[in-house]
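Take a look at the letters that make up each chain.
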Amino acid sequence: MYPVPVAGVRELLVTSGSTMAAVEVARQMSEGARNLSLSGHVGFDSMPDQLVNKSVCQGFCFNILCVGETGLGKSTLMDTLFNTRFEGDPAAHNQPGVHIKSNNYELQESNVRLKLSIVNSVGFGDQINKEESYKSIVEFIDAQFEAYLQEELKIKRTLHNYHDSRIHVCLYFIAPTGHSLKSLDLVTMKKLDSKVNIVPIIAKADSISKNELQKFKIKIMSELVSNGVQIYQFPTDDETVAEINGTMNAHLPFAVVGSTEEIKIGNKMMKARQYPWGTVQVENENHCDFVKLREMLIRVNMEDLREQTHARHYELYRRCKLEEMGFKDTDPDNKPFSLQETYEAKRNEFLGELQKKEEEMRQMFVMRVKEKESELKEAEKELHDKFDRLKKLHQDEKKKLEDKKKSLDDEINAFKQRKTAAELLQSQAQQSGSQQTLKRDKERKNNPWLCTE
């Protein structure tokens, strides 16, 4: 369950409320509307001109995503498609994965300004393990949808000044192998078909013969249909372009050749590629489908690509996001659902879950505090026991030292006593010896015969 942003929901409530009111008014008006004839010119027939003038003043934006393996001529085709040279630093292809590189340009033709974004998938197909090559592309497309959705959900929106970065068309470049689509191509297009308008292109079509090219086109379309890949079909509901779009749908995928070099052919300078065996003219429909691609992509269906991006792919993303948040159009009884009631219900549910989690966290905190207190008490008890053991050991050692000191003192005293006694005996012996010597000397003096002997 996701927390619902309050500001976004308020905006949704206002938008939804006004839309429901407008639909109800329109329904009532259509039920009781009468056709009237005008007796004079009023002027609301200028509305198309007003819209054109407003759109021209605001300018237009168009975002192209180029997906394909390295070396298929994506940058060259973009330069050829818009008759200019898009300056940019060459991308390094030594990355461990696929990364997205986006460049923005401002173009002007006559009095019409176009903000063009060319997004390139650098490193696509360069890795040994190609299983997740599509992920960074899908994440980039979803990120642009999310940015637009966040702008829509703001209370103070500035959508008229907002730079729409949503991808309007994906030109998927297919290598001219002549056999069949690679598994990487099928997986990537299958992941992208619900998020962007895919126009498949056979790149460098001058490297394959016409017979093989036609068979290759049929093989590609057959594989796309069998694998359930939905590519962009040029619309046929508008009578003005129904015929040309219906014809061009049969030419998909377009086999194109890109070149920025101009070669003089006859009396004209034409974009072409010069080979030893001849010249391939880029704008010659007998040589490649470049003109068909430019006509369908820019001159006829650019606005439909923008509309399909908003009405189909972005709406699908927006619906999924709102359903993840718990918003629905109808309740289980198929009755209209109030966004305010949904918001209040989800808010109360979220608050309830928040309180439940808060209570769980509080209980967990109390339990952990008790566990910690128990651990601290055990540690304190162990410290006390250790202290008592050390204290007792200290006392025992101290007693042993005192006993040893006492015995040593006793030994010292006994030694001193023995020493004193020995010294006394020695002095007594010396005295007795000196007395005997004096006695003999005296006897000698008294008895001279003792000396003679």
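Whatever comes next refers back to the structure up there.
Residues numbered from 1 in each chain as written. Predicted model: local features only at pLDDT ≥ 70, side-chain atom pairs only at ≥ 80, totals over all residues. Heavy atoms only, no water.

**Student:** How do you make sense of the overall build of the protein chain when you look at a structure like this?
**Tutor:** In terms of helices and strands, the protein chain carries 11 helices and 9 strands. Within the protein chain, the fraction of its 453 residues that count as buried is 31%. Taking the contacts inside the protein chain whose residues are at least 6 apart along the sequence as the reference set, 69% of them involve residues at least 24 apart. Carbon together with sulfur atoms contributes 52% to the accessible area of the protein chain, which is approximately 30,800 Å² in total. (Helix = DSSP H or I, 4+ residues; strand = E, 2+ residues; numbered from the N terminus. Buried < 20%, exposed > 50% of the residue type's maximum accessible area, 1.4 Å probe, protein only. Contact = heavy atoms within 4.5 Å. Areas by Shrake-Rupley, 256 points an atom, 1.4 Å probe, with all protein chains shown as cover.)

**Student:** Would you mind going over the sheet that holds strand β1 (residues 60-67) with me for this structure?
**Tutor:** Backbone hydrogen bonds are what pair the strands of a sheet, in a parallel or an antiparallel way. As summarised here, the arrangement of the 6 strands in space is β2-β3-β1-β4-β5-β6, forming an open sheet in which the pairing is mixed. In this open sheet, the two strands that pair with only one neighbour each are β2 (99-109) and β6 (254-255). Here 4 bridges tie β1 to strand β4 (residues 169-174), and the two strands are oriented parallel to one another. Within the sheet, the bridge partner assigned to valine 67 lies in β4 and is tyrosine 172. Docked against the sheet, helix α5 (residues 183-192) engages β1, β4 and β5 (198-202), running at close to 170° with respect to β4. (Pairing = 2+ DSSP bridges. Axes fitted to C-alpha atoms, helices over the stretch in contact; angles between N-to-C directions.)

**Student:** Please clarify how helix α7 (residues 239-249) should be interpreted in this entry.
**Tutor:** Structural remark: α-helix, 3.6 residues per turn; residues separated by three or four positions point the same way. Among all positions of α7, only Val241, Asn245, Met248 and Asn249 are buried. Buried residues of α7 fall within an arc of 95° about the axis and therefore sit on the same side. Projecting away from the buried face of α7 at angles above 90 degrees are the exposed residues Glu239 and Glu243. Close packing links the buried residues of α7 with β6 and α8 (290-300). (Arc of directions from axis to C-beta.)

**Student:** Can you help me understand the packing of aromatic side chains in this one?
**Tutor:** Summed over the entire model, instances satisfying the criterion amount to 10 aromatic pairs. When the centroid spacing of 6.0 Å and the interplanar angle of 75° are considered together, the rings of phenylalanine 82 and phenylalanine 86 count as edge-to-face. Exposure class is identical for phenylalanine 82 and phenylalanine 86. Each is buried. With 4.6 Å between their ring centres and 45° between their planes, phenylalanine 86 and tyrosine 105 make a pair best called tilted. Linking phenylalanine 86 in the loop between α3 (74-81) and β2 with tyrosine 105 in strand β2, this pair joins segments that are 19 residues apart in sequence. The exposure class assigned to phenylalanine 86 is buried, which follows from its relative accessible area of 15%. (Phe/Tyr/Trp six-rings, centres within 6.5 Å; stacked < 30°, edge-to-face > 60°.)

**Student:** Would you take a moment to explain the layout of surface pockets for this structure?
**Tutor:** Gaps left between atoms show up when a probe the size of a water molecule is rolled over them. As a volume, the largest pocket reaches approximately 920 Å³. Gln58, Gly59, Phe60, Cys61 and Arg306 are, among the 28 residues lining the largest pocket, the residues nearest its centre. Among the secondary structure elements, those contributing two or more residues to the lining of the largest pocket are α2 (47-58), β1, β2, β3 (112-122) and α9 (302-325). If one sorts the elements of the lining of the largest pocket by residue count, α9 sits on top with 5 residues. Taken together, the residues that form the lining of the largest pocket break down as 11 nonpolar, 9 polar and 8 charged. (1 Å grid on protein atoms, 1.4 Å probe; cavity = no way out; pocket = protein on both sides within 12 Å on 5 of 7 lines; lining within 4 Å. Points joined across faces, edges and corners; volume = space filled by probe spheres on them. Nonpolar A, V, L, I, M, F, W, Y, C, P; charged D, E, K, R; others polar.)

**Student:** How should the pairing of strand β7 (residues 262-265) be read in this particular structure?
**Tutor:** It is a general feature of regular strands that their side chains alternate between the two faces of the sheet. Looking at chain direction, β7 and strand β8 (residues 268-275) are connected through 4 bridges and run antiparallel. Paired with isoleucine 265 across the bridge in β8 is lysine 268. Between β7 and the antiparallel strand that follows it, β8, lie 2 residues; glycine 266 among them carries a positive phi value of about 70°.

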